[in-house]
Protein chains: 4
Amino acid sequence: MSGNTLGTLFCVTNFGESHGPAIGCVIDGCPPGMALSEADIQHELDRRRPGTSRHVTQRREPDAVQILSGVYEGRTTGTPIALLIHNQDQRSKDYGAIAQSFRPGHADYSYWHKYGLRDPRGGGRSSARLTAPTVAAGAVARKWLREKFGTELRACMTQLGELAIPFEGWEHVSHNPFFAPVADVQQYEDYMDQLRKAGDSCGARLRVQATGVPVGLGEPLYDRLDADIAHAMMGLNAVKGVEIGAGFASAAQRGTVHGDSLTPQGFASNHAGGILGGISTGQDIEVSIAIKPTSSIISPRQSIDVHGNSVEVVTKGRHDPCVGIRAAPIAEALLALVLMDHVLRHRAQCGDVAQEIGPIPARVP
Amino acid sequence: MSGNTLGTLFCVTNFGESHGPAIGCVIDGCPPGMALSEADIQHELDRRRPGTSRHVTQRREPDAVQILSGVYEGRTTGTPIALLIHNQDQRSKDYGAIAQSFRPGHADYSYWHKYGLRDPRGGGRSSARLTAPTVAAGAVARKWLREKFGTELRACMTQLGELAIPFEGWEHVSHNPFFAPVADVQQYEDYMDQLRKAGDSCGARLRVQATGVPVGLGEPLYDRLDADIAHAMMGLNAVKGVEIGAGFASAAQRGTVHGDSLTPQGFASNHAGGILGGISTGQDIEVSIAIKPTSSIISPRQSIDVHGNSVEVVTKGRHDPCVGIRAAPIAEALLALVLMDHVLRHRAQCGDVAQEIGPIPARVP
Amino acid sequence: MSGNTLGTLFCVTNFGESHGPAIGCVIDGCPPGMALSEADIQHELDRRRPGTSRHVTQRREPDAVQILSGVYEGRTTGTPIALLIHNQDQRSKDYGAIAQSFRPGHADYSYWHKYGLRDPRGGGRSSARLTAPTVAAGAVARKWLREKFGTELRACMTQLGELAIPFEGWEHVSHNPFFAPVADVQQYEDYMDQLRKAGDSCGARLRVQATGVPVGLGEPLYDRLDADIAHAMMGLNAVKGVEIGAGFASAAQRGTVHGDSLTPQGFASNHAGGILGGISTGQDIEVSIAIKPTSSIISPRQSIDVHGNSVEVVTKGRHDPCVGIRAAPIAEALLALVLMDHVLRHRAQCGDVAQEIGPIPARVP
Amino acid sequence: MSGNTLGTLFCVTNFGESHGPAIGCVIDGCPPGMALSEADIQHELDRRRPGTSRHVTQRREPDAVQILSGVYEGRTTGTPIALLIHNQDQRSKDYGAIAQSFRPGHADYSYWHKYGLRDPRGGGRSSARLTAPTVAAGAVARKWLREKFGTELRACMTQLGELAIPFEGWEHVSHNPFFAPVADVQQYEDYMDQLRKAGDSCGARLRVQATGVPVGLGEPLYDRLDADIAHAMMGLNAVKGVEIGAGFASAAQRGTVHGDSLTPQGFASNHAGGILGGISTGQDIEVSIAIKPTSSIISPRQSIDVHGNSVEVVTKGRHDPCVGIRAAPIAEALLALVLMDHVLRHRAQCGDVAQEIGPIPARVP
């Protein structure tokens, strides 16, 4: 109830701090009998790992995951799967300076007021480092969804700071450090280099997509599939906005335009983003998220200390100048976890999930 | 677990269908000793009620609420508060035509595939009518928050279809049927009249604000205050996008701009929308939501029936040409319910909520 | 979270007070497509109803149930099923005397200290009358379990005050007001008549059994099937003890005796009560519960008032001299609700429940 | 939802298997600011540890606990507290023989049928070894309850197999391997020695007590304090019965006897066991539990293998001849966890818990 568990039936309980001995999670509710190895999980962790390009934090963490329980002779047993990742490259001394003051735009202020104390080392619990266990848990959900339904998750960057990124194709995403769907990323490299020189940070916008989604996932009234997706995405560090399908553009649409008409061959469009009445239609699920600029920057900012005195804050330490850059695999993991949870919720009430009902949902290019 | 309960400690369980005998909810977890009468709740229900202007559905429902339990001699007892609203103006015959086919953009399709059957009368469970119990429960939360912290909730329309609505002031909102923050709404009246003549519908955009919010509400990691706000808002019928503070605009901001600097007098700006690291800062909470156009329209649409055959759908019955018009009191109620739940969650772990800590959070105009 | 909901996937949220306008519950999570009518539920309510013999409270309540939602054209839709029962025969004036003092052995004391106020009319929320909605919800679960697995629930009284009741056969239970498994109940009639004359009350002991239980229900580690049965039974008014299978007798048993040996034809005995390691084995589930004597008695008792002053308490009003007498249908309902919840939990994680696996579990006479 | 989490606000999520690399738990919801070290937890783990006398399993485990998160500079931060205990003395080869067959009275049978596979090494997930993380979490709850309310937990053995153990005084409990409240335990030593020679096992009965309990803990209707205690205790391996206060004896009591009368000085007796209407009265909480004999014994038993063929099972490996012997610290921990959870639940709804209300509850000798 203190908010460190995601999901109701496929439950991921996350623990750890940026500079503690270890971080990890416990997955409860995973179906038994699925082949699972540390390699299956490591692959996704490596996509999120820091220190992989000059545009992200230079903290060096192998993020090697260890399975402590829930797997016997290479198969899940249906008991809790505990995943452990040791922290290795802490530099806590960098944080002495800000231990008693609040970084503008950072959780320092709210944590201190909520709990009366906080672990300032690397942002403690509020660090984006805590997304690693989420990605690890997501890898387990992705494997199960892929094997059961052929569901696939992918995400790409559609905006980097002021720069909109055109969509040239998913095939480009894995070939550049920005998860950008374009062949040539030189201008984004230059943009980030200038930003770093300026000691500043920038925001970003991402598109997240699920394909091969079963029909019928989502619970009215409140726990709609889109509501739970919004909860998961807005729960990701630095996210300030979430859209499903047409999103904010739908405010300016007419009903005759927005409503996706149906044919015996499937839907003719996908303004709904794959969800109607909070329940999946079988079309691709389309999500867009906005990520704010990193609050930990080298440029001096006006702030106060814990006693309310005016101070100037300069953040040392190693930080991502744009947290959006590494957000793609995290957003994919979150979407996988929400889908996994709703598959189990659907099975509980309605029995096993049909894999082909009604018209084959049309894929809209 | 079937998604009809909102909240974890202040739990609202919603029941009913658009054309059933009654709708309502059970509130579990309300603190004991608060003065509460049906009039306290009716006031908010009346703001949401249908049939109050020519721009909303003409269904006539008094939405008279009855308190069945949890109140003794005018005070809450700490036991469940059951609220009942009888349906009175059903016209189920209007729905015979669409019982076997799917309205484009409507939950018909997904409900039918999820459950294998559905109540088509007035949209059954997927009807916006089910927001009435939410508003009723929200009224209880609002009263408690107001008396305890002076917290106030308000919402206004900032966009109607293609028309952006400038913000002239909160004082105008209660004087026009659009909850628009402007003195003169003639152009919006005209816009809606044309829309109705065209047999079409439109979307909208709303701003929702909470003032007098205690510092420290919200649970890292996953159940952040903004995550739960996003869940509640995206769980509202027809919502396709949610923003907190600067929202999508933050993607294009620099860290030096976005991060709200602090002074001994408080925050100098509110790009965060009152939430940092998922925890309230005491500033106003600022939310923006996008609402899609109504899917039930008189214009003929291409669709299929339950057998997959091509059909043309025309929706009779009485519907809101813009569901966004009546959404303001609902969005306020949802925000109140999320805040109430997090106040109780904070009390559980950290003890009673401090009402003044740190600098007085600056109100940003 | 305030404890008025039973179950995690088949959720029953109970509301109301003994002398309020109505009592009832909302069932969330019921599988769609099951035929359900008010008659299906009324049958079970009638077995629990007050005023059916001179040995129970003389309050006259028809306990007529109304289905407010979740059923369309005679079938469950998968949406919340709200059940309403109007109170009709309140006599609140009887309670003026004890409004300011505490009945020994009654919840008066603890409610007043917990909430700072209480509804004294008929015990308010702590009245056994609130078991009616539990029985109503249990009727829905029983019907589903019967149709799906042939599961049956039954209970009988095995002790009435000082009198042990021998087990002659289940067929007798429905033919006497005590739910006693014996042909001749004259001595129990006489016992109760003397007790009433003495202005006293007595306790009882019941046996509860489930037959046709699927194998594999129950969740290690903490939410074992037996743990959830104990929670449900101990949550029933006046219950002070719960046993599974051999229960307290197992403390004196040797491992060579207690452990039920297995043969290709099934188990050779059932000391386990149908549950091993917290998971059902497919044998009959055997539960025994102890019920304390009613605390509301006409005999004068020494107590204190809300100011701590010494007072003598005499309880007027109409009460069951032995609450155990009407407990059989309630205990059956609780066991049905626990089994139903665990069937859905099993389906969520492990897929649909196998109906015949391993050896046919032997029925032990 | 797979049952590996205990508590709703003070949530303990348990993971691991008997012969896996490690076991442990994550505590979510612990109030911030409490001093906490590994030594505080180790003390309780050492009381439960195996290999401490010839009457318990000879497996040698230091059960050294490591705090991975949630504590900064010696104080709890309000974030999840992850506790890790490495397994060191596994002897998995002992279990090859029973991997394909079911021990009578053991979870082998039900796990295999539920999950379709199982980890047979040391009983895998069903091993009593998994009570260690529960004890560790309980140590955190005990410390908080002690510092806040002066609450103390204690347990003793009241029956060992056929032998009833008289109550001479709590002071004896820590001076013998049986947690027996008597000065001379020679007869119990002899009894266990004979049992071991016979290759058999026995059951036991324990008394568990909490003193210094705040008034007002417990949630009607279903999540009563006694209901949650019953859930926790029946969820402990091998427990087959739970009593509160007078327990099963109350079935034979009259209302004039059972109901604890009140005086300005407090209660005159404690048949209620400190709980009325599911809510604590401030008197001592008195619980009694029955523990069945260990199912893993060296004596040959008739059983079947996974193919349903008749086999004779002899259990090698190291086992407790009476699991009740080490159960005292575990039962104390479970009671502490339930009380802790209900303190937080009470704070959420009713605000901070009063420490002295009404008459000082009398301690009954």
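Rules used throughout
- Residues numbered from 1 in each chain as written.
- Chains lettered and ligands numbered in written order.
- Predicted model: local features only at pLDDT ≥ 70, side-chain atom pairs only at ≥ 80, totals over all residues.
- Heavy atoms only, no water.
- Helix = DSSP H or I, 4+ residues; strand = E, 2+ residues; numbered from the N terminus.
- Rg over C-alpha atoms; globule rule 2.2 N^0.38 Å.
- Buried < 20%, exposed > 50% of the residue type's maximum accessible area, 1.4 Å probe, protein only.
- Areas by Shrake-Rupley, 256 points an atom, 1.4 Å probe, with all protein chains shown as cover.
- Lys, Arg positive; Asp, Glu negative; His and termini not counted.
- Charge placed at Lys NZ, Arg CZ, Asp CG, Glu CD.
- Pairing = 2+ DSSP bridges.
- Contact = heavy atoms within 4.5 Å.
- Axes fitted to C-alpha atoms, helices over the stretch in contact; angles between N-to-C directions.
- Buried area = accessible area lost by both parts, 1.4 Å probe.
- Salt bridge = Lys/Arg side-chain N within 4 Å of Asp/Glu carboxyl O.
- Polar contact = N/O pair within 3.5 Å; in protein donor to acceptor, adjacent residues only side chain to side chain.
- Nonpolar A, V, L, I, M, F, W, Y, C, P; charged D, E, K, R; others polar.
- Least-squares fit on C-alpha atoms with pLDDT ≥ 70 in both.
- Arc of directions from axis to C-beta.
- UniProt positions renumbered as here; feature names shortened; annotations may be inferred.
- Parallel < 35°, antiparallel > 145°, perpendicular 65-115°, else oblique.
- Left-handed = near helix turned anticlockwise from the far one by under 90°.
- Phe/Tyr/Trp six-rings, centres within 6.5 Å; stacked < 30°, edge-to-face > 60°.
- Lys NZ or Arg CZ within 6 Å of the ring centre and 35° of its normal.

Before going further, it helps to spend a moment on the overall build of chain A. Secondary structure assignment for chain A yields seven helices and 18 strands. The C-alpha radius of gyration of chain A comes to 21 Å, within 12% of the 21 Å expected for a compact globule of 365 residues. The buried share among the 365 residues of chain A stands at 72%. Here chain A has roughly 10,500 Å² of accessible surface; of this, 50% comes from carbon and sulfur atoms. Seen as two clouds, the 35 positive and the 38 negative side-chain charges of chain A have centres 4 Å apart.

What follows deals with unusual backbone geometry. All names here are of chain A. With omega at 5 degrees, the peptide bond leading from Pro220 into Leu221 counts as cis. Tracing the backbone through its elements, the reader meets Leu221 in the loop between β10 (204–211) and α5 (225–234). For Phe179, which is not glycine, the phi dihedral falls at a positive 55 degrees. Counting through the fold element by element, Phe179 comes out in the loop between β9 (163–164) and α4 (186–197).

Bringing the sheet that holds strand β2 (residues 11–15) of chain B into the picture now. For sheets, the rule is that strands pair by backbone hydrogen bonds, running either parallel or antiparallel. Residue and element names in this part refer to chain B. Strand order across the open sheet formed by five strands is β1-β2-β3-β7-β4, with antiparallel pairing between neighbours. Each edge of the sheet is formed by a strand with only one pairing partner; in this case those strands are β1 (5–6) and β4 (65–67). Both β1 and β2 contribute to a ladder of two bridges, which runs antiparallel. In the sheet register, Thr5 faces β2, and the bridge partner there is Thr13.

Moving on, we come to the sheet that holds strand β16 (residues 285–291) of chain A. The sheet built from ten strands is open, its strands ordered β9(A)-β8(A)-β10(A)-β16(A)-β11(A)-β11(B)-β16(B)-β10(B)-β8(B)-β9(B) with antiparallel pairing. If you trace the sheet from one side to the other, it starts and ends with β9 of chain A together with β9 (163–164) of chain B, each paired once. In terms of strand pairing, strand β8 (residues 152–160) of chain A meets β10(A) through eight bridges, oriented antiparallel. Residue A:Ala155 lies in a different strand from β10(A), and its bridge partner there is A:Val208. Where helix α5 (residues 225–234) of chain B meets the sheet, its contacts fall on β11 (239–244) of chain A together with β10 (204–211), β11 (239–244) and β16 (285–291) of chain B, and the angle it forms with β11(B) comes to roughly 155 degrees.

With that out of the way, let us pick up the interface of chain D and chain C. Interfaces are often described in size by the accessible area the parts lose on coming together. Tallying the contact residues gives 104 residues for chain D and 103 residues for chain C. Regarding the contact of chain D and chain C, the summed buried area is about 8,700 Å², with carbon and sulfur atoms giving 59% of it. The interface formed by chain D and chain C contains four salt bridges. Summed over the shared surface of chain D and chain C, the number is 56 residue pairs in polar contact (both at pLDDT 80 or more). Within the side of chain D that touches chain C, the residues separate by chemical class into 43 nonpolar, 44 polar and 17 charged. Bridging between strand β11 (residues 239–244) of chain C and strand β11 (residues 239–244) of chain D involves three bridges; their strand directions are antiparallel. By the bridge assignment, C:Glu243 is partnered in β11(D) with D:Gly241.

Superposing chain D onto chain C takes a rotation of 180 degrees combined with a translation of 0.0 Å along the rotation axis, leaving an RMSD of 0.0 Å. Both copies are brought into coincidence by an operation consistent with a two-fold rotation axis. For chain D, the residue whose C-alpha comes nearest the rotation axis is D:His231, separated from it by 2.3 Å. Here 99% of the interface residues in chain D have copies in chain C that are interface residues too; the copies meet face to matching face.

Quick look at helix α1 (residues 38–48) of chain A now. Residue and element names in this part refer to chain A. Listed as buried for α1 are Ile41, Gln42, Glu44, Leu45 and Arg48. Projected down its long axis, α1 shows its buried positions confined to an angular sector of 165 degrees, all on one face. Looking at the buried side of α1, the elements it contacts are β4 (65–67), β7 (81–86), α3 (131–149) and α7 (327–350).

Moving on: the UniProt feature "binding site: NADP(+)" (unreviewed entry) in chain A. Residues and elements named next belong to chain A. Sites flagged by UniProt as "binding site: NADP(+)" (unreviewed entry) map to Arg48 and Arg54. Within the element layout of this structure, Arg48 appears in helix α1. Assessed through its relative accessible area of 2%, Arg48 is described here as buried. Apart from the residues within four sequence positions on either side, Arg48 is in contact with Asp63, Ala128, Arg129, Thr131, Ala132, Val135, Arg326, Pro329 and Ile330. On the secondary structure map, Arg54 appears in the loop between α1 and β4. Those residues in contact with Arg54, other than ones at most four positions away along the chain, are Glu189, Asp193 and Arg196. A polar contact of 3.4 Å, which involves the side chain of Arg54, links it to the side chain of Glu189.

Let us look at the packing of helix α1 (residues 38–48) of chain C against helix α7 (residues 327–350) of chain C. All names here are of chain C. In the contact formed by α1 and α7, the axes pass within 7 Å of each other and the chain directions differ by 135 degrees. When the axes of α1 and α7 are compared, the pair comes out oblique. Between α1 and α7 lies a crossing whose hand is left-handed. Together, Glu44, Arg47 and Arg48 of α1 and Pro329, Ile330 and Glu332 of α7 make up the contact between the two elements. Tallied by class, the residues present in the contact of α1 with α7 amount to two nonpolar, no polar and four charged.

What follows is about the UniProt feature "binding site: FMN" (unreviewed entry) in chain A. According to UniProt, the feature "binding site: FMN" (unreviewed entry) maps to A:Arg125, A:Ser126, A:Ser127, A:Asn237, A:Ala238, A:Gly277, A:Lys292, A:Pro293, A:Thr294, A:Ser295, A:Ser296 and A:Arg318 in the numbering used here. What stands out for the annotated residues spanning 194 residues is how far apart their C-alpha atoms range, the widest pair being 43.6 Å apart. With respect to the helices, strands and loops of the structure, A:Asn237 is situated in the loop between α5 and β11. Residues contacting A:Asn237, with those up to four places away along its chain left out, are A:Ser126, A:Ser127, A:Ala128, A:Thr131 and B:Arg224. Within the local environment of A:Asn237, its side chain forms a polar contact with the backbone oxygen of A:Ser126, the two atoms lying 2.9 Å apart. Mapped onto the elements, A:Ala238 comes out in the loop between α5 and β11. Residue classification places A:Ala238 among the buried positions, given a relative accessible area of 19%. With residues near it in sequence (within four places) discarded, A:Ala238 still touches A:Ala290, A:Ile291, A:Lys292 and A:Val323.

To continue, consider the interface of chain B and chain A. Listed by partner, the interface residues are 105 residues for chain B and 103 residues for chain A. Between chain B and chain A lies a buried interface of about 8,700 Å² when both sides are counted; carbon and sulfur atoms form 59% of it. A salt bridge links A:Glu162 to B:Arg254; its shortest N-O distance comes to 3.4 Å. In this structure, the connection of chain B to chain A is made through 56 residue pairs in polar contact (both at pLDDT 80 or more).

All right, on to the relation of the copies chain B and chain A then. For the pair chain B and chain A, the best superposition has an RMSD of 0.0 Å and corresponds to a rotation of 180 degrees with a translation of 0.0 Å parallel to the axis. Looking at the interface residues of chain B, 98% of them are also at the interface in chain A, so both copies use one shared face.

Right, let's talk about the packing of aromatic side chains for a bit. The geometry of two aromatic rings is summed up by the distance between their centres and the angle between their planes. Taken as a whole and assessed by the stated rule, the structure comprises 30 aromatic pairs over all chains. Their ring planes at 80 degrees and their centres at 6.2 Å tell us that B:Trp144 and B:Phe149 sit as a pair that is edge-to-face. An aromatic cluster is defined as three or more aromatic residues linked by ring pairs; in this entry it consists of A:Phe102, A:Tyr109, A:Trp112 and B:Phe267. Over the ring of D:Tyr115 we find D:Lys114; its NZ or CZ atom is 5.7 Å from the centre of that ring.

Evaluation of the coordinates by the stated rule reveals 100 salt bridges over all chains. Between D:Arg47 and D:Glu332 there is a salt bridge, and its shortest N-O distance comes to 2.7 Å. Highlighted residues: D:Arg47 in helix α1 (residues 38–48) and D:Glu332 in helix α7 (residues 327–350), separated in sequence by 285 residues. Take D:Glu332: its relative accessible area is 2%, and that puts it in the buried class. Measuring nitrogen to oxygen at the nearest pair gives 3.8 Å for the salt bridge that ties D:Arg345 to D:Asp341. Of the two residues, D:Arg345 and D:Asp341 both sit in helix α7, four residues apart, roughly one turn of that helix. Overall, the relative accessible area of 3% leaves D:Arg345 in the buried class. Accessibility expressed as a relative area gives 4% for D:Asp341, which makes it buried. A single salt-bridge network, built from bridges that share partners, covers A:Arg48, A:Arg59, A:Glu61, A:Asp63 and A:Arg129.

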